[in-house]
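Spelled out from the first residue to the last, the chains are:
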Amino acid sequence: MKTPELSTTAKQQSTVRWVVAIAAIALIFDGYDLVVYGTIVSTLLSDPTQLGEIGPATAGVLGSWALFGVMVGALTTGAVGDYLGRRKIMITGIIWFSVFMGLTALAPNVVAFGALRFATGLGVGALVATAGAVVAEFAPKGKRNYYNAIVYSGVPVGGVLASLLAIVLLDHIGWRGLFLIGATPLLFLLPMALTKLPESPEWLMARGRTEEAQRASIRTGVPLAAPVATGAHVRLPEPVAPKIGFRALASKKYALPTLLLGLMSFAGLMLTYGLNTWLPQIMSTFGYGKSYSLAFLLVLNAGAVFGGLIASVGADRVGAKRVVSTTFFLAALAMVLLTMQLPFGILLGLVAVAGVGTIGTQVLIYGFVSNYYDSAARGAGVAWCAGFGRLGGIFGPLIGGLLIAAGVENHVAFYVFAGVAIVGALVTACVPLKNSETRIPVRAAKARAGITH
């Protein structure tokens, strides 16, 4: 017979697996939505029968409309998510995203396509802003960066999926078929979320719903804060009414860090969306054909998946701040080297490193942010970084499109993105860890350093 402690542990592990799986699959389709547009840009540019005449600048604007929707969706979610709960927002986001992804496949012209891309982005924003918060509240301490990396690695996994499907299916089902694939979460992910995604006990406790929090803790196996003993009884501490949501972000405790974390996300998403939208087109102008250009996109996202997971282990050991600064710097170095006439194999390796330093860095940033705030501000904090960061995502495709439309040399775009990565590394180095949830305990830090006293 299992002891109660072991039963609780097993129950918590099962809950964490379901939460991580649902959140990761949701973000796989975020990544799919991000990259699938990059795979069809060349088709839209070259074939006016699809949506009408489209030039590079217009293509950049279309790429940014979805990101503008993500920004609005994330910030809206941040305003209500810490009040309504993680579960409701996740389920609503899955439904919204799937429906509008399917409708985008039916768009008859450029205006409708842009409007539906914006609407799809609203659902994506809800998912991105909530996934990190829900995982941070279910994942055990000491593995939060790792579990967040698994979840947010769904974004580059979705990018890999979009690249592969575009290589295999684009000539057979067209761009409309690729967008219809993006609507499939309605068929399988929604039922999973409805049946297996619980509400966070920590969120319930933060809202003062103590009895519900206790029941949820028993049901999920996720422990609450240590109880306080009084005589023969055990009670949970009385909840203190904290500042909630965006009000907490404006407090003295979080105001400066929130600004810096937002700028980190701005830089990370500018690099992520800029490269995913324009890398195939830029490499094609270097003389690489369509299949080679899509292969670069595939390697970019695959490098982000594996590199991000490896880096997340380091983030749990030495702190996310150090690791994020390092990966930003690696991105800058890789993009400068990409401008040189190097053998194809080396170029692929550099693209993989760039993937770690851009998309992989953004994965780490979400984990950093999710663990930086307490529960009362966590949803708003992640939403702020996802929403404000999407401004960078909007500028990424726009800058790439404007540079190409202006006829500047291709290496200039890489230099611009490398400069953004350097700025991201410097901003990250300035983030204070005092009063955050991300500090490495002094005892653990000493143990890692071999100090025993």
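*Asks:* Please clarify how the overall build of the chain should be interpreted in this entry.
*Replies:* Within the chain, the secondary structure is distributed over 17 helices and two strands. Split into buried and exposed, the 453 residues of the chain put 54% on the buried side. The contacts in the chain between residues at least 6 apart in sequence include a share of 83% that link residues at least 24 apart.

*Asks:* Can you help me understand the pattern of salt bridges in this one?
*Replies:* If charged atoms from side chains of opposite charge come close, those side chains can pair. In total, this model carries one salt bridge according to the counting rule given. A salt bridge links Asp 33 to Arg 117; the nearest nitrogen and oxygen atoms lie 2.5 Å apart. In this pair, Asp 33 is assigned in helix 1 (residues 4–46) and Arg 117 in helix 4 (residues 110–138), connecting sequence segments 84 residues apart. Arg 117 gets classed as buried once you look at its relative accessible area, which sits at 2%.

*Asks:* Explain the packing of aromatic side chains to me, please; I cannot follow it from the model alone.
*Replies:* Where two aromatic rings form a pair, the distance of their centres and the angle of their planes describe that pair. Using the criterion set out here, one finds 20 aromatic pairs in the structure. A ring pair is formed by Phe 68 and Phe 118, whose centres lie 5.7 Å apart and whose planes are at 35°; its orientation type is tilted. Here the residue Phe 68 occupies a position in helix 2 (residues 56–84), and Phe 118 occupies one in helix 4, the gap between them amounting to 50 residues. Overall, the relative accessible area of 22% leaves Phe 118 in the partly exposed class. Grouped by ring-pair contacts, the aromatic residues Tyr 37, Phe 113, Trp 175 and Phe 179 constitute a single cluster.

*Asks:* How should I be thinking about the nonpolar core in this particular structure?
*Replies:* A general trend in soluble globular proteins is that nonpolar side chains are found buried together. Counting residues in hydrophobic clusters, the biggest one holds 121 residues, and the most contacted among them are Ile 40, Phe 113, Tyr 152, Leu 261 and Met 335. The element contributing the most residues to this core is helix 1, with 17 residues. Setting aside chain neighbours within four positions, we find Phe 113 in contact with Tyr 37, Ile 40, Leu 51, Leu 62, Thr 104, Ala 107, Trp 175 and Phe 179. Counting residues in each nonpolar core, the second largest holds five residues, with Trp 203, Leu 204, Met 205 and Ala 213 among its members.

*Asks:* For this particular structure, what's the right way to read the side chain of Thr 358?
*Replies:* Tracing the chain through its elements places Thr 358 in helix 14 (residues 344–372). In terms of polar contacts, Thr 358 uses its side chain to reach the backbone carbonyl oxygen of Ala 354, at 2.6 Å. The residues touching Thr 358, leaving out its near neighbours within four places in the chain, are Gly 268, Leu 271, Thr 272, Leu 275, Leu 300, Ala 331 and Met 335.

*Asks:* It is not clear to me how helix 6 (residues 154–181) should be interpreted in this structure. Could you clarify?
*Replies:* Residue pairs spaced three or four apart in an α-helix point in one direction, given the helix's 3.6 residues per turn. With 28 residues, helix 6 extends just 16 Å between its outermost C-alpha atoms, more than 12% less than the 40 Å of an ideal straight helix rising 1.5 Å per residue. Along helix 6, the helix axis deviates most sharply at Ile 173, where the bend reaches about 115°.

*Asks:* Explain the packing of helix 3 (residues 86–104) against helix 7 (residues 185–196) to me, please; I cannot follow it from the model alone.
*Replies:* When two helices pack together, you describe them by how their axes are tilted relative to each other and by the distance separating the axes. In the contact formed by helix 3 and helix 7, the axes pass within 10 Å of each other and the chain directions differ by 170°. Here helix 3 lies roughly antiparallel to helix 7, going by the angle between them. For the pair helix 3 and helix 7, contact is made by Arg 87, Ile 91, Ile 94, Ile 95, Phe 97, Ser 98 and Val 99 and by Pro 185, Leu 186, Leu 189, Leu 190, Ala 193 and Leu 194, respectively. Grouping the amino acids of the contact of helix 3 with helix 7 by side-chain chemistry returns eleven nonpolar, one polar and one charged.

*Asks:* Looking at this model, I keep getting lost on the confidence of the model for the chain. Mind explaining?
*Replies:* Atom-level detail of predicted coordinates should not be read off regions where pLDDT is low. The predicted model of the chain has a mean per-residue pLDDT of 79, with 85% of residues at 70 or higher. Low pLDDT (under 50) marks residues 227–241, which in the prediction has 17 contacts with non-local residues, meaning those over four places away or in another chain. This model gives residues 441–453 a pLDDT under 50, and the stretch forms seven contacts once residues within four places in sequence are excluded.

*Asks:* What is the right way to read a nonpolar patch on the surface from this model?
*Replies:* On the surface, a cluster of nonpolar side chains totalling about 610 Å² of accessible area is made up of Ile 95, Val 99, Leu 103, Leu 106, Leu 186, Leu 187 and Phe 188. Mapped by element, the contributors of at least two residues to the nonpolar patch are helix 3 and helix 7. Along the polypeptide, Leu 103 turns up in helix 3.

*Asks:* Help me understand the environment of Ile 25 in this model?
*Replies:* The topology assignment puts Ile 25 in helix 1. Separated by 126 residues in sequence, Ile 25 and Val 151 place their C-alpha atoms 7.9 Å apart. With sequence-adjacent residues up to four places away left out, Ile 25 is seen in contact with Phe 188, Leu 189 and Met 192.

*Asks:* Any chance you could explain helix 7 here in plain terms?
*Replies:* Listing the buried residues of helix 7 in full gives Pro 185, Leu 189, Leu 190 and Ala 193. Within helix 7, the buried residues cover an arc of 100° as seen down the axis, which keeps them to one side. Set apart from the buried face of helix 7 by more than 90 degrees, the exposed residues are Leu 187 and Thr 195.

*Asks:* What is the right way to look at the side chain of Thr 130 in this model?
*Replies:* With respect to the element layout, Thr 130 can be found in helix 4. Its relative accessible area of 4% is what places Thr 130 among the buried residues. Here the side chain of Thr 130 touches Ala 126 through a polar contact of 2.7 Å, landing on its backbone oxygen.

*Asks:* I'm lost on the packing of helix 5 (residues 144–152) against helix 6 in this one. Help?
*Replies:* One can describe the packing of helix 5 onto helix 6 by two numbers: an axis separation of 5 Å at closest approach and a directional angle of 25°. Put simply, helix 5 runs roughly parallel to helix 6. For the pair helix 5 and helix 6, the contacting residues are Ile 150, Val 151 and Tyr 152 in the first and Gly 154, Val 155 and Pro 156 in the second. A breakdown of the residues in the contact of helix 5 with helix 6 according to their chemical character gives five nonpolar, one polar and no charged.

*Asks:* Where do I start with the environment of Asn 276 in this structure?
*Replies:* Relative to the assigned elements, Asn 276 resides in helix 11 (residues 255–285). Residues Asn 276 and Leu 34 lie 242 residues apart in sequence; the distance between their C-alpha atoms is 7.5 Å.

*Asks:* What's the story with the environment of Leu 165 in this structure? I'm lost.
*Replies:* Relative to the helices and strands, Leu 165 is located in helix 6. Distance in space between the C-alpha atoms of Leu 165 and Thr 39 is 9.5 Å, their sequence separation being 126 residues. Those residues in contact with Leu 165 that sit more than four places away from it in its chain are Tyr 32, Leu 170, Leu 178 and Ile 181.

What counts, and at which threshold
Counting of residues starts from 1 at the beginning of each chain's written sequence and follows it residue by residue. At least 70 in pLDDT is required for a residue's local features to be given in this predicted model, at least 80 for side-chain atom pairs to be given and counted, and no such filter applies to totals for whole chains, interfaces and linings, which use all residues. Computation of side-chain values: all heavy atoms of the structure, hydrogens and water removed. For helices the rule is a DSSP run of H or I covering at least 4 residues; for strands it is a run of E covering at least 2, with both sets numbered from the N terminus onward. Residue burial is assigned from relative accessible area. The probe radius is 1.4 Å, only protein chains are included, and a residue is buried under 20% of its type maximum, exposed over 50%, and partly exposed in between. In what follows, residue pairs with any heavy atoms lying within 4.5 Å of each other are defined as contacts. Basic side-chain nitrogens of Lys or Arg form a salt bridge, by our definition, when they fall within 4 Å of a carboxyl oxygen of Asp or Glu. Centres within 6.5 Å make a pair out of two Phe, Tyr or Trp rings, where for Trp the six-membered ring is used; the pair is then stacked when the planes are under 30 degrees apart, edge-to-face when over 60, and tilted otherwise. Among buried residues, the Ala, Val, Leu, Ile, Met, Phe, Trp, Tyr and Cys ones that are joined through side-chain atoms within 4.5 Å form a nonpolar core. The term polar contact refers here to a pair of N or O atoms within 3.5 Å; inside protein, the definition further demands a hydrogen-donor-capable atom paired with an acceptor-capable atom, and it admits residues adjacent in sequence only when both atoms are side-chain atoms. An expected span of 1.5 Å times one less than the residue number is assigned to each helix. A residue's bend is simply the angle between two axes: one fitted to the seven residues ending at it, one to the seven starting at it. Here an angle of 0 to 180 degrees is reported between the N-to-C directions of two axes, which are lines fitted to C-alpha atoms, with helices fitted over the stretch in contact. Working rule for angles: under 35 degrees goes down as roughly parallel, over 145 as roughly antiparallel, 65 to 115 as roughly perpendicular, anything else as oblique. Just so you know the grouping, Ala, Val, Leu, Ile, Met, Phe, Trp, Tyr, Cys and Pro go in nonpolar, Asp, Glu, Lys and Arg go in charged, and all remaining residues, Gly too, go in polar. The predictor's confidence in any single residue is recorded as pLDDT, a number from 0 to 100. Distance thresholds for patches are 9 Å for like charges and 5 Å for nonpolar side chains (Val, Leu, Ile, Met, Phe, Trp, Tyr), applied to residues having over 30% relative accessible area and no salt bridge. All accessibility values rest on the Shrake-Rupley procedure with a 1.4 Å probe; residue burial counts only the protein chains present in the view. Picture the helix axis, draw a direction to every C-beta atom, and the arc is the one those directions span.

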